[in-house]
Each structure stands twice: as structure tokens, then as C-alpha cells.
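A look at the structure
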Amino acid sequence: FKHHTRKFLIDRTRFGSGYFSYDGTGKDLFWIYCGGIILTVITLGIYYVWFFKELLAYRAQHTVFQGHRFSFNVRGRDLLLFAIVAYFGTIITFG
């Protein structure tokens, strides 16, 4: 369902005279979700940032604007570091 909603919204979005398009498939997303959920459970949540990165990368790489694909160049460990800093920053500021 999420895949069809994303495709519907992106395919009807434009910037100036250029239109966006989305060419991802539900089958690919299904396998990303299956692997991500299983590994997140096995690693007690540690894998979640890499799973989240895979989702963002897939969505970006399958979005096209006037013939040019988007890219996503964030590493999972960068997101993990950000999540750790955000977690401890929240604990410190809200005590």
C-alpha cells in the first residue's frame, strides 16, 4: 500500500515544468522490509538504522526528475552515530 501511495504522489508532483517519476516496485520493497525487520529483531534493534538507510536509499534511487536519478550517500554508521548523540542529548537536556 505504501508503495502505491508513494508512486501516486511522486508521479503527480512537478517542479516548474518538470515532472518527477517513481519506478520502484513493491516486490523490491517487500524484500527490503522482510530482511530489515528480521535483522532488526535478531540484533535487538541495532540494525534499524541500516534498515532505515536502505529504505531511504531505495526510495531516492528510484525517484527520477527530468531523466536524472536521485542518489543517497549516507552510511548506516553515520545514522547510528546521529541516533546515539540524539538519544543522549535528549536524556541530558530533559534529565
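Everything discussed here concerns the structure shown above.
A brief report on the enclosed structure follows. (Residues numbered from 1 in each chain as written. Predicted model: local features only at pLDDT ≥ 70, side-chain atom pairs only at ≥ 80, totals over all residues. Heavy atoms only, no water.)

A look at helix α2 (residues 26-42)
In a regular helix each residue adds 1.5 Å, so 17 residues correspond to 24 Å; α2 covers 24 Å between its end C-alpha atoms and thus fits that length. Leu29, Gly36 and Thr40 are the residues of α2 that are buried. Along the long axis of α2, the arc covered by the buried residues comes to 35°, so they all point the same way. Along α2, exposed side chains directed more than 90 degrees from the buried face belong to Lys27, Trp31, Ile38, Val41 and Ile42. Contacts made by the buried residues of α2 are with α1 (2-11), β2 (18-22) and α3 (48-61). After α2 finishes, the residue Leu44 shows a positive phi value of roughly 55°. (Helix = DSSP H or I, 4+ residues; strand = E, 2+ residues; numbered from the N terminus. Expected span 1.5 Å × (residues − 1). Buried < 20%, exposed > 50% of the residue type's maximum accessible area, 1.4 Å probe, protein only. Arc of directions from axis to C-beta. Contact = heavy atoms within 4.5 Å.)

As for the nonpolar core
If you look at the biggest cluster of nonpolar residues, it comprises eight residues: Ile10, Phe20, Tyr22, Leu29, Phe51, Leu55, Tyr58 and Phe65. Mapped by element, the contributors of at least two residues to this core are β2 and α3. The leading source of residues in this core is α3, at three residues. Sequence-distant contacts of Leu29, defined by excluding residues within four places in its chain, comprise His3, Tyr22, Leu55 and Tyr58. (Core = buried A, V, L, I, M, F, W, Y, C linked by side-chain atoms within 4.5 Å.)

Notes on the sheet that holds strand β3 (residues 63-65)
Strand order in the open sheet formed by four strands is β1-β2-β3-β4, and the pairing between neighbours is antiparallel. Only two strands of the sheet have a single neighbouring strand rather than two, namely β1 (14-15) and β4 (68-69). In this sheet, β2 lies alongside β1 in antiparallel orientation, the contact comprising two bridges. Bridge pairing links Phe15 to Gly18 in β2. Along the sheet, α1 contacts β2 and β3; its crossing angle with β2, the most-contacted strand, is approximately 165°. Docked against the sheet, α3 engages β2, β3 and β4, running at close to 35° with respect to β3. (Pairing = 2+ DSSP bridges. Axes fitted to C-alpha atoms, helices over the stretch in contact; angles between N-to-C directions.)

Focus: the pairing of β2
Alternating residues of β2 divide into Gly18, Phe20 and Tyr22, all buried, and Tyr19 and Ser21, none buried. Between β1 and β2, which pair antiparallel and follow one another directly, the connecting turn spans two residues, one of which, Gly16, has a positive phi of 65°.

Some points on the packing of α2 against α3
Packed helices, taken two at a time, are described by their axes: the angle between them and the distance between them. Packing of α2 against α3 leaves a shortest axis separation of 9 Å and a crossing angle of 170°. Accordingly, the angle class assigned to the pair α2 and α3 is roughly antiparallel. Where α2 abuts α3, its residues Asp28, Leu29, Ile32, Tyr33, Gly36, Ile37 and Thr40 lie against Tyr48, Phe51, Glu54, Leu55, Tyr58 and Arg59. Residue composition of the contact of α2 with α3, by class: eight nonpolar, two polar and three charged. (Parallel < 35°, antiparallel > 145°, perpendicular 65-115°, else oblique. Nonpolar A, V, L, I, M, F, W, Y, C, P; charged D, E, K, R; others polar.)

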